[in-house]
Every structure is written in C-alpha cells, then in structure tokens.
Amino acid sequence: MKNTKKIIFSILNFAIILLIVIVIVRGTMRLGTSSTFSGTRTGYSGEEDRGNWSANYRSLNGTLRKKINPETDMLHIQVETKSGTLSIEITDAENKEIFTAICDKAESFEVPVSGKVTVKIKAGHHSGSFSILSGM
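Just so you know, these numbers come straight off a predicted model, no measurement behind them.

Conventions used here
- Residues numbered from 1 in each chain as written.
- Predicted model: local features only at pLDDT ≥ 70, side-chain atom pairs only at ≥ 80, totals over all residues.
- Heavy atoms only, no water.
- Helix = DSSP H or I, 4+ residues; strand = E, 2+ residues; numbered from the N terminus.
- Buried < 20%, exposed > 50% of the residue type's maximum accessible area, 1.4 Å probe, protein only.
- Salt bridge = Lys/Arg side-chain N within 4 Å of Asp/Glu carboxyl O.

## Let's talk about the environment of I8
Phase 1: If you trace the backbone, I8 turns up in helix α1 (residues 2–31).
Phase 2: For I8, a relative accessible area of 47% puts it in the partly exposed group.
Phase 3: C-alpha of I8 to C-alpha of T100: the two residues are 92 residues apart in sequence and 59 Å apart in space.

Rendered as structure tokens:
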C-alpha cells in the first residue's frame, strides 16, 4: 500500500512539473515577440504587443529589434525627431528587406506587409519618438 501511494505521488509530481514546463514554454513562445536592445537610452518609455510598438525618449543610441505579427496587411509608422537620426529596416519571414528609411525629421510611412516581420531600428543619438502600428 505504501509503495502504491509513493508511485501515485511520484506520478502526480511528474504531471505537475510537466504542466509547469508546458506553461512556461508556451508563455515563452508568446513572449518571443518582445523587443531586444543594445546601446544606451535615457528617459525611455515604450509600449509593445504582438502587432504594435511605440516609444518616446530623451536620448536613444543603439539598435532595437522586434518581431511584429501585424493585425492587418499594413504597418503605419510615425517618427518624431528633435535631434539625431533614426533608421528603420523591415524584413519579411525570409529575411528579405521590404522597407528601409533614415529619418532626421518628423516622417510617416505606410508599409504593406504580409505576415510576421522583423523591425530593426538603429538610433544615432536620437531624441524623439517612433510608433509602428498595425491595428488601425
């Protein structure tokens, strides 16, 4: 009887651990759309989800990347520049460049997309903001 209880207890523990691992892996897959950053930033405040990304800051210098899963087939991009430069590069799932721009003033773009894309932003001591929206 004691061995049966130990076996049942072991199976339940294994099942709970397996469930926790599945939840973590699934959560990580969903979070795979979060942005990455290499560089320096001051006064940075940003918002992001699977299909949208925006930020404003006093100073941004470096490279940011984010995979975006658009809600529509169009990305609406706005850049506000107080100083510095900001370049935007968008590539498709096959890593083929579908859009590129270098901004040193206020600009907006409409970029047609098909499926998940990767957005790469390079900032050269940029002060201002950007927004990339797909759900408009």
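Back to the text.
## As for the pattern of salt bridges
Phase 1: Counted according to the given criterion, the structure contains 1 salt bridge.
Phase 2: In this structure, E48 and K66 form a salt bridge, with 3.5 Å as the shortest nitrogen-oxygen distance. One end of the pair, E48, is in strand β2 (residues 45–48); the other, K66, is in strand β3 (residues 53–68), and 18 residues separate them in sequence.
Phase 3: A relative accessible area of 37% means that E48 is categorised as partly exposed.

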